[in-house]
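# Observations on the three-dimensional arrangement
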Amino acid sequence: MSAWWRQHSDSLPGGGAGLHFRLLGPLGGWHDGYPLDLGRRQQQAFLAMLLAQPGRVLTPAALTGGVFEENRPPNRPRSVLATHAYRLRRELRKVGAERLLVTVDGGYRFDVAVQGVDVGVFDFLVAQADLARAAGERARARDLLAQALALHQGEPLAGLPGRHADELRRHLIERQVTALETKLGLDVELGDNPSCLIDLAEAVFAHPYHERLRAVLMLALRRAGQAAEARAVYAEARRFYHYQGLGRAELDALLARISSPPQRPAAAAAAAPPMMLHQLTSDIVDFTGRRPEVARMTGLLSQPDPPAVVVLAVNGLGGVGKTTLALNVAHTLRDHFSDGRLQLDLRGTKADPLDPAEGLATLLTALGVPDRAVPADPVERAALYRTTVAGRRLLLLLDDASDAAQVIPLLPGARTCAVLVTSRGWLSLLPGAHHLHLDAMPLSEAIDLLAVIVGRARVEAEPQAAATIAAACGLLPLAVRVAGSRLAADPGQPLARLAANLADERIRLAELAHHQTAVEPVLALSYARLSTEQARAMRLVAVPDVPEIALAAAAALLDHGAEEARALLESLVDLNLLQSPAADRYAFHDLVKVFARQQSGRQDTAAAVTAAFARLLDFCLASARNAEGTSARTPDRARRRPVSATTARPGLAFRTTEEANHWMLAQGTLHQAVIRRACRDPELSLTQSADLLDTLGSALFLFGRSHAASVAELAADLATAAMHRGERAGEAAEGAREAEAMARSVRGGMLWHTGRFAQAAAELDRALPLCQGGPEPHRLRARVLHLRGATARMLRKYEEAIDVMTVAAALYRELGDRAAEGVSLGEMAISQAQTGRHAQARATAVRGAELTAGQFSSAEALARIHLGRVLHLVGDLALALTEAEQAGRRTRSLGLTEYQVAAGVLAVRVHLAAGRARTALRLGEELLPLARQASGTLEGFLLETLGEACAVLHRTDRATDWLNEALGRFRQLGLSTEAANVERALEYLT
């Protein structure tokens with residue numbers, strides 16, 4: 001919100017407290033003076049389009065055409081627009097204003113008062129100024145126009161994408177210039193503004209096409225007794241408009257009123273005659289790649305008839321090759337800029353950035369102006385600079401800019417000139433600039449660069465090592481050059497040796513140094529310019545071993561609120577020290593992460609890092625519990641946890657199962673990384689880690705079967721860490737024992753899901769003696785017993801399975817957990833049916849289904865699958881098929897892939913048993929792709945059933961293929977009994 005608006009909004013119609021939005025500058029919104037989070041740029045473009053026409057419904061087609069780039073529309077624009085609307089309403093809901101954003105027939109309307117948008121206030125003030133002028137109140141009209149112009153806070157809608165933003169930006173700038181012309185004209189008429197000439201000169205420079213501004217400047221100079229300067233303005237305008245093919249009627253008429261003969265300005269007369277200037281440093285001989293960037297840059301800078309000075313700002317991480325690229329392009333454009341090319345080092349990353357006034361003096365000297373003729377006043381110096389370069393075809397390379405404020409005074413006014421700027425951060429406030437973000441090189445180009453430096457023969461002799469080196473360099477040209485220089489200096493060194501050294505993150509930056517060139521000092525320059533909070537954020541966010549981190553997790557790590565964390569992280573994104581691959585997600589370039597971690601090791605105490613991870617672990621666990629509590633699959637899980645871990649933070653809240661599942665899926669890598677850290681850090685809670693590990697296990701249905709193996713491995717590490725801590729004397733022994741028991745139970749479950757039943761049994765046997773204590777002493781023991789009984793059944797130890805499952809069901813009954821008791825009874829019933837106790841098995845399975853009925857949960861679905869299997873085993877095929885199909889529909893709606901496959905395999909087997917082999921074959925083939933993803937064991941049973949169906953249909957060759965594949969799967973899983981059954985079927989076929 002502008003300072004003027006804060007001061008005067010109460011006096012405006014509809015102003016005062018409440019919502020205010022800014023279009024006359026970077027888009028912004030405030031409620032009672034506090035800023036709103038309007039999201040990322042595309043979402044802001046959506047809002048800007050609505051704010052430009054308050055109270056009017058905009059159709060999806062209009063919004064799509066206005067918000068999205070023409071050549072890059074999303075696949076589902078309506079869905080993206082709905083997401084933007086949802087996120088804006090979520091932000092507006094915080095201030096009780098969500099009702100203002102209305103959905104109408106698929107379109108949207110924003111019901112904000114016209115005076116709640118700065119454009120509406122601008123229009124109001126300009127209208128009042130027109131009335132004052134008509135009444136002869138020139139001073140009041142000027143004041144009103146000054147107030148209107150004060151609303152402009154930079155380029156309208158700066159940085160926003162889309163056709164609508166471009167068109168509205170042009171319209172708002174034209175209205176601004178019209179008001180400025182009128183205001184400056186009133187300044188000249190009233191004659192009481194001492195800075196009038198400076199204001200006019202700046203306005204002419206900023207808006208060279210507006211003849212009226214030049215006319216007002218000429219008139220002001222004439223009234224100030226500076227007729228010669230007025231004629232100089234006319235002479236420059238005449239050249240400019242003639243080159244543009246434009247008329248200058250107003251200026252010609254005004255010239256007739258100025259009687260003195262034309263004179264050249266004294267300051268300009270001091271300049272030496274124009275000469276060809278070539279100040280560029282030498283081009284890089286081995287410049288490699290970057291063809292798309294070179295093509296775009298040369299195209300922009302070499303336009304034959306640009307409407308204004310072309311300014312191209314190239315930004316990117318230190319070492320990404322900005323200066324090298326800029327120099328290459330500048331040398332390429334030698335013939336286009338016939339008057340020369342200037343280069344100025346702005347020292348933006350150094351401790352003493354170049355002062356713009358000093359830069360102007362350097363440029364003027366280079367342009368032939370004697371030192372004694374360079375004005376001391378910065379404004380006069382800038383005016384002389386623009387006069388000196390007027391009409392000359394010059395390219396100005398400004399290297400290593402710190403910010404837009406350093407660059408703006410150095411911009412020439414003549415459109416025959418062009419400016420190429422490099423900087424590490426985005427120069428988003430640079431008016432009218434084209435922006436190019438330079439990222440790391442493609443792998444192929446990085447390898448080519450390495451080959452150019454070390455010799456193509458060496459690279460072709462060790463292609464894998466060359467690729468490894470390029471990747472370890474993060475595809476950063478500077479790093480590749482350093483690595484190549486080291487190899488070139490030692491022709492006998494194998495590439496594989498350097499690749500092996502670079503693989504060690506601890507010494508990677510040290511390896512990327514050669515003579516006076518190194519990667520670490522380049523990164524250190526950017527790091528040194530950070531604030532204390534920015535530097536801390538960069539260090540801590542880099543520590544978790546994950547490819548990217550979500551905003552909410554980073555906020556917990558930093559111990560900040562979401563808004564404060566976002567502001568910090570986005571500031572690092574603007575400086576190209578952090579990347580943002582998607583909204584509220586952040587990632588590092590590989591070498592920047594290595595650098596940040598090293599800085600953390602040097603500057604952050606072990607206690608500080610542990611505290612950060614403790615906050616992150618606490619947040620992850622609280623959020624994972626909330627996700628489970630939201631999920632329809634596990635409705636009771638949040639209040640029936642088998643370990644005593646507590647959390648200090650509320651965690652994220654989820655409104656739908658889909659939202660909870662998406663978060664669990666996206667955060668799986670982070671959760672594993674946090675647990676691994678806890679295994680290494682004795683100060684982190686293993687009980688919390690074990691509970692978080694359990695949520696990873698319960699999310700198996702989201703990740704697929706490969707997830708089970710990684711969770712099993714992680715559980716083994718956690719169990720080992722807990723065992724070692726438990727061996728120490730002290731109060732922590734009980735918690736460590738509890739964590740070990742949980743970890744071993746999770747590992748047993750994951751081994752069960754991957755078909756390694758003997759290993760699962762051994763792990764669960766180790767867990768049982770540890771199941772003491774906890775919030776409810778029997779809950780963890782009941783879970784381990786349930787898993788142990790299911791494992792015994794898969795090992796065909798049916799009597800053992802019945803005995804163990806009987807104890808598990810009794811414990812769950814004692815705990816009042818009907819759902820878990822029902823599942824245990826269903827599992828027990830299968831073993832009873834396998835031992836011929838059909839009536840007892842049926843009754844047990846029916847009781848299990850009754851206990852879980854009506855819960856719409858994974859427990860209900862699994863109990864129905866158990867009942868269907870028992871009915872199949874006792875010969876009630878019709879009812880078995882009904883249960884299988886109902887379970888299939890339920891598991892599909894819940895997204896339980898493995899249970900869905902189990903229900904589907906059951907249905908296929910029932911059809912085959914009922915004599916419907918063709919149906920069984922068709923359904924089985926449809927189910928097979930899903931089975932391959934879900935479970936090796938179920939895949940094996942389905943392959944076996946498909947083979948049996950083909951055998952019934954006398955398709956012997958196909959039956960043999962299916963059975964051989966099933967045999968391979970069972971052998972791989974170590975299921976000897978199942979493998980023997982398939983071998984007998986194959987013998988029968990042959």
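- Under the annotation held in an unreviewed UniProt entry, the chain carries the name DNA-binding SARP family transcriptional activator and is attributed to Kitasatospora viridis.
- Note on the chain: under the UniProt heading Sequence similarities (unreviewed entry), the record states "Belongs to the AfsR/DnrI/RedD regulatory family."

## Structural notes on the overall build of the chain
- Each helix and strand in the chain was counted, giving 46 helices and 16 strands.
- C-alpha atoms of the chain, sized along the principal axes, occupy 120 × 75 × 65 Å.
- Sequence-distant contacts in the chain: of pairs separated by 6 or more residues, those separated by 24 or more amount to 69%.
- For the chain, the distance from the average position of its 111 positive side-chain charges to the average position of its 109 negative side-chain charges is 2 Å.

## What about the nonpolar core?
- Counting 191 residues, the largest nonpolar core has Leu-301, Leu-420, Ile-469, Leu-512, Met-538, Leu-616 and Leu-693 as the members making the most contacts within it.
- Top contributing element to this core by residue count: helix 29 (residues 606-630), with 10 residues.
- When residues no more than four places from it in sequence are discounted, the contact partners of Leu-693 are Ile-675, Val-711, Leu-714, Ala-715, Leu-718, Ala-743 and Val-746.
- Core analysis: the next-biggest nonpolar cluster, separate from the first, contains 66 residues, Met-49, Phe-68, Phe-110 and Val-126 among them.

## Digging into the packing of aromatic side chains
- Within the structure shown, the criterion is met by seven aromatic pairs.
- Taken together, a centroid distance of 6.5 Å and an interplanar angle of 85 degrees make the contact between Phe-619 and Trp-663 edge-to-face. Linking Phe-619 in helix 29 with Trp-663 in helix 30 (residues 657-680), this pair joins segments that are 44 residues apart in sequence.
- An aromatic cluster is present here, built from Phe-619, Phe-654 and Trp-663 joined pairwise through their rings.

## Structural notes on the sheet that holds strand 3 (residues 34-35)
- Pairing is antiparallel in the open sheet, where three strands are placed in the order 1-2-3. A strand with exactly one partner marks an edge of an open sheet, and here the two such strands are strand 1 (19-22) and strand 3.
- As defined by bridge partners, strand 1 adjoins strand 2 (residues 28-31) across four bridges and the pair is classed as antiparallel. The residue bridging Leu-19 from the neighbouring strand is His-31, located in strand 2.

## Structural notes on the environment of Thr-103
- Along the polypeptide, Thr-103 turns up in strand 4 (residues 101-104).
- Taking the C-alpha atoms as reference points, Thr-103 and Gly-854, separated by 751 residues in sequence, lie 36 Å from one another.
- Residues contacting Thr-103, with those up to four places away along its chain left out, are Arg-89 and Tyr-108.
- Within the local environment of Thr-103, its side chain forms a polar contact with the side chain of Arg-89, the two groups lying 2.5 Å apart.

## Quick word on helix 27 (residues 562-574)
- Between its first and last C-alpha atoms helix 27 spans 18 Å; for 13 residues at 1.5 Å apiece the expected length is 18 Å, and the two agree.
- Looking at the buried residues of helix 27, the elements they touch are helix 25 (532-542), helix 26 (551-558), strand 15 (579-582) and strand 16 (585-587).
- After helix 27 finishes, the residue Asn-576 shows a positive phi value of roughly 60 degrees.

## Regarding the packing of helix 8 (residues 196-206) against helix 9 (residues 211-223)
- Their axes nearest at 9 Å, the elements helix 8 and helix 9 cross at an angle of 155 degrees. Classified by the angle their axes make, helix 8 and helix 9 are roughly antiparallel. Helix-helix and strand crossings are classified by hand; for helix 8 and helix 9 the assignment is left-handed. Residue-level inspection shows Leu-197, Leu-200, Ala-201, Ala-203 and Val-204 of helix 8 in contact with helix 9, the latter providing Leu-213, Arg-214, Val-216, Leu-217, Ala-220 and Leu-221.
- A class-by-class count of the residues in the contact of helix 8 with helix 9 yields 10 nonpolar, no polar and one charged.

## Observations concerning the side chain of Ser-580
- You can see Ser-580 is positioned in strand 15.
- Side-chain polar atoms of Ser-580 contact the side chain of Arg-40, separated by 3.1 Å.
- A polar side-chain atom of Ser-580 sits 3.2 Å from the main-chain carbonyl oxygen of Arg-585.

## Concerning unusual backbone geometry
- Positive phi outside glycine occurs at Asn-576, with the angle close to 60 degrees.
- Along the chain, the position of Asn-576 falls in the loop between helix 27 and strand 15.
- Even without glycine at this site, Arg-796 takes up a positive phi of about 65 degrees.

## Observations concerning the pattern of salt bridges
- In total, this model carries 48 salt bridges according to the counting rule given.
- A salt bridge links Arg-958 to Asp-961, with the nearest nitrogen and oxygen atoms 3.9 Å apart. With Arg-958 and Asp-961 both in helix 45 (residues 956-973) and three residues apart, this pair spans about one turn of that helix.
- Note on Arg-958: relative accessible area 38%, which makes it partly exposed.
- Notably, a salt bridge pairs Glu-983 with Arg-971, separated by 2.5 Å at the nearest N-O pair. With a gap of 12 residues between them, Glu-983 in helix 46 (residues 976-989) and Arg-971 in helix 45 connect regions that are remote in the sequence.
- According to the relative accessible area criterion, Arg-971 is exposed, its value standing at 52%.
- Via salt bridges that share partners, Asp-37, Glu-91, Lys-94, Glu-563, Arg-566 and Asp-584 belong to a single interconnected network.

## Some thoughts on the domain arrangement of the chain
- Domain annotation for the chain reports domain 1 (3-118), domain 2 (278-437), domain 3 (443-523) and domain 4 (541-734).
- Distance from the C-alpha centre of domain 1 to the C-alpha centre of domain 3: 49 Å.

## A look at the confidence of the model for the chain
- For the chain, mean pLDDT is 83; residues scoring 70 or higher make up 91% of the total.
- Note that residues 1-17 has pLDDT below 50 and, in this model, 36 contacts with residues that lie over four places away or in other chains.
- Every residue in residues 259-274 is under pLDDT 50, and counting partners more than four places away or in other chains gives 20 contacts.

## Some remarks on the pairing of strand 8 (residues 340-345)
- Burial analysis of strand 8 places five of its six residues in the buried class, the great majority of the element.
- Pairing analysis gives six bridges linking strand 8 to strand 9 (residues 394-401), with the strands arranged parallel. If you follow Arg-341 over to strand 9, its bridge partner there is Leu-395.

## Details of the sheet that holds strand 15
- On the basis of which strands lie adjacent, the open sheet formed by three strands has the order 14-16-15 and antiparallel pairing. Each of the sheet's edge strands pairs with one partner strand only, and the pair in question is strand 14 (549-550) and strand 15.
- Against the sheet, helix 27 engages strand 15 and strand 16, with an angle of about 45 degrees to strand 16.

## Looking at the environment of Ala-829
- Looking at the element boundaries, Ala-829 is found in helix 38 (residues 818-834).
- In this structure the C-alpha to C-alpha distance between Ala-829 and Gly-391, which are 438 residues apart in sequence, comes to 94 Å.

## Comments concerning the packing of helix 38 against helix 39 (residues 838-852)
- Two numbers describe how helix 38 lies on helix 39: the axes approach to 7 Å, and their chain directions differ by 160 degrees. In terms of axis orientation, helix 38 runs roughly antiparallel to helix 39. Note that helix 38 runs across helix 39; the crossing there is left-handed. On the side of helix 38, the interface is formed by Arg-818, Ala-819, Glu-821, Gly-822, Val-823, Leu-825, Met-828, Ala-829, Gln-832 and Ala-833, while helix 39 contributes His-838, Gln-840, Ala-841, Thr-844, Ala-845, Arg-847, Gly-848, Glu-850, Leu-851 and Thr-852.
- Of the residues assigned to the contact of helix 38 with helix 39, the class counts are nine nonpolar, seven polar and four charged.

## Re the pairing of strand 2
- Between strand 1 and the antiparallel strand that follows it, strand 2, lie five residues; Gly-25 among them carries a positive phi value of about 150 degrees.
- Judged from the two bridges that link them, strand 2 and strand 3 form a sheet pairing that is antiparallel. Looking at strand 3, one finds that Trp-30 is bridged to Pro-35.

The rules behind each value
Residues numbered from 1 in each chain as written. Predicted model: local features only at pLDDT ≥ 70, side-chain atom pairs only at ≥ 80, totals over all residues. Heavy atoms only, no water. UniProt positions renumbered as here; feature names shortened; annotations may be inferred. Helix = DSSP H or I, 4+ residues; strand = E, 2+ residues; numbered from the N terminus. Contact = heavy atoms within 4.5 Å. Lys, Arg positive; Asp, Glu negative; His and termini not counted. Charge placed at Lys NZ, Arg CZ, Asp CG, Glu CD. Core = buried A, V, L, I, M, F, W, Y, C linked by side-chain atoms within 4.5 Å. Buried < 20%, exposed > 50% of the residue type's maximum accessible area, 1.4 Å probe, protein only. Phe/Tyr/Trp six-rings, centres within 6.5 Å; stacked < 30°, edge-to-face > 60°. Pairing = 2+ DSSP bridges. Polar contact = N/O pair within 3.5 Å; in protein donor to acceptor, adjacent residues only side chain to side chain. Expected span 1.5 Å × (residues − 1). Axes fitted to C-alpha atoms, helices over the stretch in contact; angles between N-to-C directions. Parallel < 35°, antiparallel > 145°, perpendicular 65-115°, else oblique. Left-handed = near helix turned anticlockwise from the far one by under 90°. Nonpolar A, V, L, I, M, F, W, Y, C, P; charged D, E, K, R; others polar. Salt bridge = Lys/Arg side-chain N within 4 Å of Asp/Glu carboxyl O. Domains from an automatic or database assignment. pLDDT = per-residue confidence, 0-100.

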